[in-house]
Amino acid sequence: MTQASPIPASAVPLLSLAAFASGISMRAADPLLPLLARQFGVPLGEASLVITVFSIAYGLSQLGFGPLGDRHGKYLAIALAALASAGTALLCAAASSLPALLAMRVLAGATAAAIIPLSMAWIGDVIDYEHRQPVLARFLIGQILGVSAGVLVGGLAADAWQWRLPFLLAAAIFLLVGLGLLALNRRLPPHAKTVYPVAGNAVRHMLAGFGQVAALPWARLVLLSAFLEGGLLYGPFAFIASHLHQRHGLSLALAGAVIMLFGFGGFAFAMGSKALLARLGEAGLPRWGGLVLAVSLAAIGFAPVWWLAMPATFCAGLGFYMLHNTLQTHATQMAPERRGAAVSAFASCFFMGQASGVGVAGLLLAHVGTAALLVGGALGLLAVALNFSRRVRIK
C-alpha cells in the first residue's frame, strides 16, 4: 500500500484469508473425484460435475456481485459473502446423495463468487496502478495456498474415505474470516468504502454497466483471454490427481501433495513478482509464463515416472500466475469507472471457462485419456499467452 493510505494494515491480509477459504472450497473436490465416483456409484466423468456446477454458479454469480459491490460497498459485500459461504460449505458436508451434493455445490459457488473479484476491485480502488500488480500478487497468495491446501486436504480425506471433511474445514475458515472482515469494515476510512448509488432499475443499470465494459475492444480481449485460460488450464487440471493415481499408482493423498506444488509455484511468483516484472516487462511476463506453463503441463502428461510431475507441477504454477496476474492487473484497469462490474466480468469469464473446460474434459476423458487432455491444454494455453503478450506489446 502507498504510505499516504490510512487503510488498516490487516485489510489486504484478511481478504487474502478469505481467498484462501475460497481456494479450498474450489479445488478440494478435485482429488475427491475417484472416491465420490465409488461412493455414489457413478463414472468419474459424472462425478466431475461437482466441479463443473460450482464453477458455473461461481462464474454467473459474479455478474451480479460486481455491481452490488459498486452500489453498497465492496468490503462489506465480501464480508457477507464469506459468512454465507460458511453456511453453504456446511450444506455440502451434509449432502447425502450426488444430486444433493451438486445442488449444494451450486449454492457454494454462488456465495463464494463475490470474494476474489470484489477483493481485486477494492484493491484497484485504493492502490495506484503503478503499485497495484505486486499488491494483487500478495493478495493472491491466499488463493494460491488455498488451492494447494484444498487439493492436499481433499487427497488426505479421499484416502481416509472422509469426503465431507474439506467442506467442514472451509466452513470454519469462512466463518472466522467473515466475522473479521465485518469488524474491519467498520474501521475503514471513507475513501476505502466508496459506493456508487444508482437511481432507477438496478438490473437495467447492471446490464448497462456490463455493456459499457463489453464495448471496449481491449476489455473484450482481456475477457476472452481469461475465458480461454480458465478452460484450457482447469479442464485438464481437474484430472491431474486422477492421472497420477491411475497411471503411476499414487495414492490420492500423495497425488494431492504433488498438485500442491502448483500453489508453491504461484507463491514463488508472488514473492518475486516485482523482480520478474522489472526483468521481463509487462509483455514478457505472460509470454514466458505461457511457455513455462505449456511445457510443464506436457511434462506431467508424458512423465515416465511419477516424481517428474513434482518439478513440472511447481513450474506450471509459476508459469500460470505469470500469465494470470498480468491479465488480472489489466482487468482492474480496463474500465476504472465501472471497476466492480469489469473485474466481476473478468472473473466470471475465467470461471465460466473453467466450467466449460472441466465439462468438455469430462466428456473427452473416456476417448482420449488424461495425458492427451494435458497436452491439448498446454498447446492452447501457449497460443493464448503468446497472443496476449503480442497485444500488450502493441498497446
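Residues numbered from 1 in each chain as written. Predicted model: local features only at pLDDT ≥ 70, side-chain atom pairs only at ≥ 80, totals over all residues. Heavy atoms only, no water.

- The name given to the protein in an unreviewed UniProt entry is MFS transporter, with the source organism recorded as Massilia genomosp. 1.
- Per UniProt, the protein carries the Subcellular location (unreviewed entry) text "Cell membrane". (UniProt positions renumbered as here; feature names shortened; annotations may be inferred.)

Looking at the overall build of the protein
Link 1 in the chain: The helix and strand inventory of the protein stands at 15 helices and zero strands.
Link 2 in the chain: The globule rule puts the C-alpha radius of gyration for 395 residues at 21 Å, and the 20 Å found for the protein is close to it.
Link 3 in the chain: Dimensions of the protein, computed from the C-alpha atoms along their principal axes, are close to 55 × 45 × 35 Å.
Link 4 in the chain: In the protein, the share of contacts with a sequence separation of at least 24, taken over all contacts with a separation of at least 6, comes to 85%.
Link 5 in the chain: As displayed, the protein offers around 14400 Å² of accessible surface, 70% of which is attributable to carbon and sulfur atoms.
Link 6 in the chain: Between the mean site of the 23 positive side-chain charges and the mean site of the 10 negative ones, the protein shows a separation of 2 Å. (Helix = DSSP H or I, 4+ residues; strand = E, 2+ residues; numbered from the N terminus. Rg over C-alpha atoms; globule rule 2.2 N^0.38 Å. Contact = heavy atoms within 4.5 Å. Areas by Shrake-Rupley, 256 points an atom, 1.4 Å probe, with all protein chains shown as cover. Lys, Arg positive; Asp, Glu negative; His and termini not counted. Charge placed at Lys NZ, Arg CZ, Asp CG, Glu CD.)

Looking at the packing of helix 12 (residues 240-248) against helix 13 (residues 252-302)
Between two packed helices, what matters for the description is the angle formed by their axes and the separation of those axes.
Link 1 in the chain: As a packed pair, helix 12 and helix 13 sit with axes 6 Å apart at the nearest point and diverge in direction by 135°. Between helix 12 and helix 13, the interaxial angle falls into the category oblique. Where helix 12 crosses over helix 13, the handedness of that crossing is right-handed. On helix 13, the residues that touch Ile240, Ala241, His243, Leu244, His245 and Arg247 of helix 12 are Leu252, Ala255, Val258, Ile259, Ile300, Gly301 and Phe302.
Link 2 in the chain: Class assignment for the residues of the contact of helix 12 with helix 13 results in nine nonpolar, three polar and one charged. (Axes fitted to C-alpha atoms, helices over the stretch in contact; angles between N-to-C directions. Parallel < 35°, antiparallel > 145°, perpendicular 65-115°, else oblique. Left-handed = near helix turned anticlockwise from the far one by under 90°. Nonpolar A, V, L, I, M, F, W, Y, C, P; charged D, E, K, R; others polar.)

Looking at the nonpolar core
One broad trend across soluble globular proteins is that nonpolar side chains are buried collectively.
Link 1 in the chain: In this structure, Trp122, Leu181 and Met334 are the most contacted members of the largest nonpolar core, which totals 134 residues.
Link 2 in the chain: Sort the elements by how many residues they give to this core and helix 15 (residues 339-394) lands first, with 17 residues.
Link 3 in the chain: If we skip the residues at most four places from it in the chain, Met334 touches Val213, Leu216, Trp218, Ala219, Val222, Leu223, Ala342 and Phe346. (Core = buried A, V, L, I, M, F, W, Y, C linked by side-chain atoms within 4.5 Å. Buried < 20%, exposed > 50% of the residue type's maximum accessible area, 1.4 Å probe, protein only.)

Observations concerning empty space enclosed by the protein
Link 1 in the chain: Per the counting criterion, the structure on display carries two cavities of 30 Å³ or more.
Link 2 in the chain: Elements with a minimum of two residues in the lining of the largest cavity: helix 7 (115-126), helix 14 (309-331) and helix 15.
Link 3 in the chain: Looking at which element gives the most residues to the lining of the largest cavity, the answer is helix 15, with four residues.
Link 4 in the chain: Within the lining of the largest cavity, the residues separate by chemical class into six nonpolar, three polar and no charged.
Link 5 in the chain: The calculated volume of the second largest cavity comes to roughly 40 Å³.
Link 6 in the chain: What lines the second largest cavity is Gly73, Lys74, Trp122, Asp125, Val126, His191, Ala192, Lys193 and Thr194.
Link 7 in the chain: With three residues, the top contributor of residues to the lining of the second largest cavity is helix 7.
Link 8 in the chain: Here the residues of the lining of the second largest cavity sort into three nonpolar, three polar and three charged. (1 Å grid on protein atoms, 1.4 Å probe; cavity = no way out; pocket = protein on both sides within 12 Å on 5 of 7 lines; lining within 4 Å. Points joined across faces, edges and corners; volume = space filled by probe spheres on them.)

A word on the packing of helix 11 (residues 217-237) against helix 14
Link 1 in the chain: Relative to each other, helix 11 and helix 14 sit at 150°, their axes nearing to 10 Å. By the angle class used here, helix 11 and helix 14 are roughly antiparallel. Seen from above, helix 11 lies across helix 14 with left-handed handedness. Here helix 11 contributes Trp218, Val222, Ser225, Ala226, Glu229, Leu233 and Tyr234 to the contact with helix 14, which in turn contributes Phe320, Leu323, His324, Leu327, His330 and Ala331.
Link 2 in the chain: The class makeup of the residues in the contact of helix 11 with helix 14 is nine nonpolar, three polar and one charged.

Observations regarding the pattern of salt bridges
Link 1 in the chain: Following the criterion strictly, the structure yields two salt bridges and no others.
Link 2 in the chain: Residues Asp30 and Arg27 are paired through a salt bridge, measuring 2.7 Å at the closest nitrogen-oxygen approach.
Link 3 in the chain: For Asp30, a relative accessible area of 2% gives the class buried.
Link 4 in the chain: In this structure, Lys74 and Asp125 form a salt bridge, with 2.7 Å as the shortest nitrogen-oxygen distance. Remark: Asp125 occurs in helix 7 and Lys74 occurs in helix 5 (residues 74-94); sequence separation between them is 51 residues. (Salt bridge = Lys/Arg side-chain N within 4 Å of Asp/Glu carboxyl O.)

Notes on helix 1 (residues 11-27)
Along an α-helix, residues three or four apart share an orientation, since each turn contains 3.6 residues.
Link 1 in the chain: Taking 1.5 Å as the rise per residue, helix 1 with 17 residues should run 24 Å; its terminal C-alpha atoms sit 25 Å apart, in good agreement.
Link 2 in the chain: Of all 17 residues in helix 1, 14 are buried; the element is thus mostly enclosed. (Expected span 1.5 Å × (residues − 1).)

Re the layout of surface pockets
Link 1 in the chain: Within this model, the second largest pocket holds a volume of roughly 150 Å³.
Link 2 in the chain: Contributing to the lining of the second largest pocket are 13 residues, with Leu232, Pro236, Leu364, Leu373 and Gly377 lying nearest its centre.
Link 3 in the chain: For the lining of the second largest pocket, the elements supplying multiple residues, two or more each, are helix 11 and helix 15.
Link 4 in the chain: Looking at which element gives the most residues to the lining of the second largest pocket, the answer is helix 15, with nine residues.
Link 5 in the chain: A class-by-class count of the residues in the lining of the second largest pocket yields eight nonpolar, five polar and no charged.

Looking at the packing of aromatic side chains
Link 1 in the chain: Summed over the entire model, instances satisfying the criterion amount to 13 aromatic pairs.
Link 2 in the chain: Note on Trp163 and Phe167: the rings are 6.3 Å apart at their centroids and 75° apart in plane angle, and the pair reads as edge-to-face. Of the two residues, Trp163 and Phe167, both sit in the buried class.
Link 3 in the chain: Put simply, the rings of Tyr234, Phe237, Phe262, Phe320, Tyr321 and Phe350 touch in pairs and so form one group of aromatic residues. (Phe/Tyr/Trp six-rings, centres within 6.5 Å; stacked < 30°, edge-to-face > 60°.)

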